[in-house]
Protein chains: 2
Amino acid sequence: MIKTRVVGVGTSIDETVYAIVDVRGNIIAKNSFPTTDFPNANDFITFLSDRIIELVEANGGYESIRSVGISLPSGNFKSGCIEHSPNMSWKGQIPMAAMLRDRLGLAVALGNDAHVRALGEYVFGSAHGLKDFLYINLGHGVGSCIFTNGKAYLGAEGFAGEIGHTCIVPNGRVCGCGMAGCLETYTGSRGIVMTAQELLETDSRPSLMREMVIKTPKDVFECCEKGDELAIETFRRTGEMLGVGLANYASVLNPEAIILAGGIAHAGKWLIEPAQASFEEHVFHNVKGKVKFLTSNLNESERDVLGASALAWNVKEYSLFI
Amino acid sequence: MIKTRVVGVGTSIDETVYAIVDVRGNIIAKNSFPTTDFPNANDFITFLSDRIIELVEANGGYESIRSVGISLPSGNFKSGCIEHSPNMSWKGQIPMAAMLRDRLGLAVALGNDAHVRALGEYVFGSAHGLKDFLYINLGHGVGSCIFTNGKAYLGAEGFAGEIGHTCIVPNGRVCGCGMAGCLETYTGSRGIVMTAQELLETDSRPSLMREMVIKTPKDVFECCEKGDELAIETFRRTGEMLGVGLANYASVLNPEAIILAGGIAHAGKWLIEPAQASFEEHVFHNVKGKVKFLTSNLNESERDVLGASALAWNVKEYSLFI
């Protein structure tokens, strides 16, 4: 029987979505559960594999499934492990791919969220047809994945892509990683909220933001849409910093395009126009005017399982009787 | 006849060296002439090809030569052109590889100096046996080349590697490229001289540098060797900036090693120790403590022709009668 389906699993801090996906990216069946129910990684793998078996048996059977791909924060494709995640409760280095493979008897490929989502964009989304691009995920953190010649650039040990922790302001804002001036402290969600708060303290102009508690970039975005000057200035400053970080990246990597994704990318023109202006100002002349800015066009609820399904095709089929 | 030799050409602003090199990196014969004699690129190619033919005919004949590699500042491997060089007198986009091929009837591969030297280190030097490394050339400019999986990462159009023009100090020193705060303005030779001058103006300590005209980093280095505090502080500050730039690069690219080359790399411990300390302070924790710092071990007078000879093997043999 020709195996034309894979299982894609997308695990975030809050939720784990798992789906059967065919080679064209059609989602045959999908389900989810809260990741937070499993503070222990073994329990998570046991529960996840039981749920996958259930879903597969109810939808075409085990024989139709070629392999499994899973997206995990701090997942490393090269080692198949989740490694020292700052945000997940599973600590240390845990061989999640092998654990899942042993329970399912199927080959399992594992990647971090930026890698898997970039692959999803490459196979099914905005990056289709591009060979050299940067994928930037703007959310709580700022993750990225470099594609060159149609392949993910992973680095010697699979840790490449940490643009969020490149220093753009020497001795700048303190970052959760312990360093200072990281791009993430200005363009991650907490950084944007901090910029809004700093502006409210130092700029006396009236602002809708003064009458509310600014918790997320979405709150700032809503004020932008109502024409609020300080909210617009918040995203302008964020975009300026993002443009510097992306320009440094592009001067070194010479991509065709930068794909912006994640919740903050939805701030649209308020963020992307100043980011692009700052990018063009700070990028080396060889690259100036040549890098396309694109936004992700995958549905946010599906991008992880689609990307993970694309990753699943990257591993050889597994046999228990090799 | 099996062709076991290539011609390697290394062109810098001042001098062009050309040599016959065998597959093991032995230089069979070598000669040179001043690049500055040829303000016109056509005249340069005509003269160079005549000299190559002379050298080849006196040393084993044309039939033994498989192909030619040439290193040029602002050379682009993907296009085979020298492109908008800020430092050479040959302006615009000039198809040097095709021009040389047409005169010699041999396949010609062309690369920029960082690319060619990195390849030289990979095949014959410090990077032998490494697969993922960064090569940094510290000189008048700060050039680099990324190697991944044993291949040079060139980017969509062959312009990758411009680490010298990444911004490390927002609104910092003005760069020759028109931007501000570029790494090159702090760690290139003019930047180092400027740091020494700034220190002499703002720090009242006695210094040997006060009694001389500081023209090059070598002048500063000589004062370091005599224990001069301000000279040592000059390289400490330079190293600190270099460490930030390299850390950003390594957080994104996760290399096994960084190879430092070029005249300034000879400043040895005065530069490399503070650079490495700053690097470890600014690199993301996944990569911390894992990146080896190495220096080039190729002879400076030979590295360009050796690298160019390695590049020559990258092109298919050329036949006039295809």
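Residues numbered from 1 in each chain as written. Chains lettered and ligands numbered in written order. Predicted model: local features only at pLDDT ≥ 70, side-chain atom pairs only at ≥ 80, totals over all residues. Heavy atoms only, no water.

Chemist: Quick question: what am I supposed to make of the domain arrangement of chain A here?
Modeler: The accessible area lost on association of the parts is a frequent measure of interface size. All names here are of chain A. Along its sequence, chain A is carved into domain 1 (5-113 + 301-312) and domain 2 (126-297). Here domain 1 and domain 2 have C-alpha centroids that lie 28 Å from each other. The interface of domain 1 with domain 2 comprises five residues on the first partner and 10 residues on the second. Approximately 600 Å² of surface area, both sides summed, lies buried where domain 1 meets domain 2, with 46% of it carried by carbon and sulfur atoms. Three residues stand out in domain 1 for area buried against domain 2, namely Asn76, Lys78 and Arg303, and they jointly supply 64% of the buried area on that side. (Domains from an automatic or database assignment. Contact = heavy atoms within 4.5 Å. Buried area = accessible area lost by both parts, 1.4 Å probe.)

Chemist: I would appreciate a short explanation of helix α3 (residues 113-124) of chain A in the present structure.
Modeler: The α-helix winds at 3.6 residues per turn, so residues separated by three or four positions along the chain end up facing the same way. Residues and elements named next belong to chain A. The terminal C-alpha atoms of α3 lie 16 Å apart, and with 12 residues this matches the ideal 16 Å at 1.5 Å per residue to within 8%. Listed as buried for α3 are Ala114, His115, Val116, Arg117, Ala118, Leu119, Gly120 and Glu121. Between a side-chain oxygen at the N-terminus of α3 and the backbone nitrogen of Ala114 the separation is 3.0 Å; the capping residue is Asn112. (Helix = DSSP H or I, 4+ residues; strand = E, 2+ residues; numbered from the N terminus. Expected span 1.5 Å × (residues − 1). Buried < 20%, exposed > 50% of the residue type's maximum accessible area, 1.4 Å probe, protein only. Polar contact = N/O pair within 3.5 Å; in protein donor to acceptor, adjacent residues only side chain to side chain.)

Chemist: Explain the nonpolar core to me, please; I cannot follow it from the model alone.
Modeler: Note that soluble globular proteins tend to have their nonpolar side chains buried in a common cluster. Grouped together as the largest cluster of nonpolar side chains are 96 residues, with contacts concentrated most on A:Ile136, A:Leu253 and B:Ile136. With residues near it in sequence (within four places) discarded, A:Leu253 still touches A:Leu134, A:Ile146, B:Ile146, B:Tyr153, B:Gly155, B:Ala160, B:Val252 and B:Leu253. (Core = buried A, V, L, I, M, F, W, Y, C linked by side-chain atoms within 4.5 Å.)

Chemist: Explanation requested: the interface of chain A and chain B in the structure shown.
Modeler: Tallying the contact residues gives 39 residues for chain A and 38 residues for chain B. The tally of links from chain A across to chain B stands at two salt bridges. Between B:Lys290 and A:Glu157 there is a salt bridge, with the nearest N and O atoms lying 3.7 Å from each other. On the surface where chain A and chain B come into contact, there are 16 residue pairs in polar contact (both at pLDDT 80 or more). The set of elements that each furnish at least two residues to the side of chain A that touches chain B consists of β10 (142-148), α7 (229-253) and α8 (269-282) of chain A. Per-element accounting of the side of chain A that touches chain B gives the leading share, six residues, to α7(A). (Salt bridge = Lys/Arg side-chain N within 4 Å of Asp/Glu carboxyl O.)

Chemist: Teacher, can you tell me more about the environment of A:Val244 here?
Modeler: Looking at the secondary structure, you find A:Val244 in helix α7. Residue classification places A:Val244 among the buried residues on the basis of a relative accessible area of 8%. Along the backbone, A:Val244 and A:Ala275 are 31 residues apart, and their C-alpha atoms lie at a distance of 8.1 Å. Not counting chain neighbours up to four residues away, the residues in contact with A:Val244 comprise A:Ile168, A:Ser278, A:His282 and B:Cys167.

Chemist: Looking at this model, I keep getting lost on the relation of the copies chain A and chain B. Mind explaining?
Modeler: Both copies of the chain are related through a single rotation about an axis accompanied by a shift along the same axis. Expressed as a screw operation, the relation of chain A to chain B combines 0.0 Å of axial shift with a rotation of 180°, fitting to an RMSD of 0.0 Å. Taken together, the rotation angle and the small translation identify this as a two-fold axis. Of the residues that chain A buries at the interface, 97% are likewise interface residues in chain B, meaning the two copies contact each other through the same surface. (Least-squares fit on C-alpha atoms with pLDDT ≥ 70 in both.)

Chemist: What exactly am I supposed to notice about the sheet that holds strand β8 (residues 107-111) of chain A here?
Modeler: Hydrogen bonds between backbone groups are what pair the strands of a sheet, and the pairing can be parallel or antiparallel. Residue and element names in this part refer to chain A. Overall, mixed pairing links the five strands, which are arranged β3-β2-β1-β4-β8 in an open sheet. Unpaired on one side and paired on the other, β3 (27-34) and β8 mark the two borders of the sheet. Direction aside, neighbouring strands of the sheet carry axes that sit 15° apart on average. As defined by bridge partners, strand β4 (residues 65-71) adjoins β8 across five bridges and the pair is classed as parallel. Note that in β8 the partner of Ser67 across the bridge is Ala107. Here helix α2 (residues 96-104) sits on the sheet in contact with β4 and β8, set at roughly 155° to β8. (Pairing = 2+ DSSP bridges. Axes fitted to C-alpha atoms, helices over the stretch in contact; angles between N-to-C directions.)

Chemist: Honestly, unusual backbone geometry in this entry has me stumped. Any pointers?
Modeler: One can expect most non-glycine residues to show negative phi and most peptide bonds to be in trans. Residues and elements named next belong to chain A. In this model, Ser74 sits at a positive phi of 65°, which is unusual for a non-glycine residue. Topologically, Ser74 is positioned in the loop between β4 and β5 (75-76). With phi around 55°, Asn171 is a residue other than glycine that occupies positive phi space. For Asn171, the position within the fold is in the loop between β11 (151-153) and α4 (184-187). The exposed category is assigned to Asn171, whose relative accessible area is 75%.

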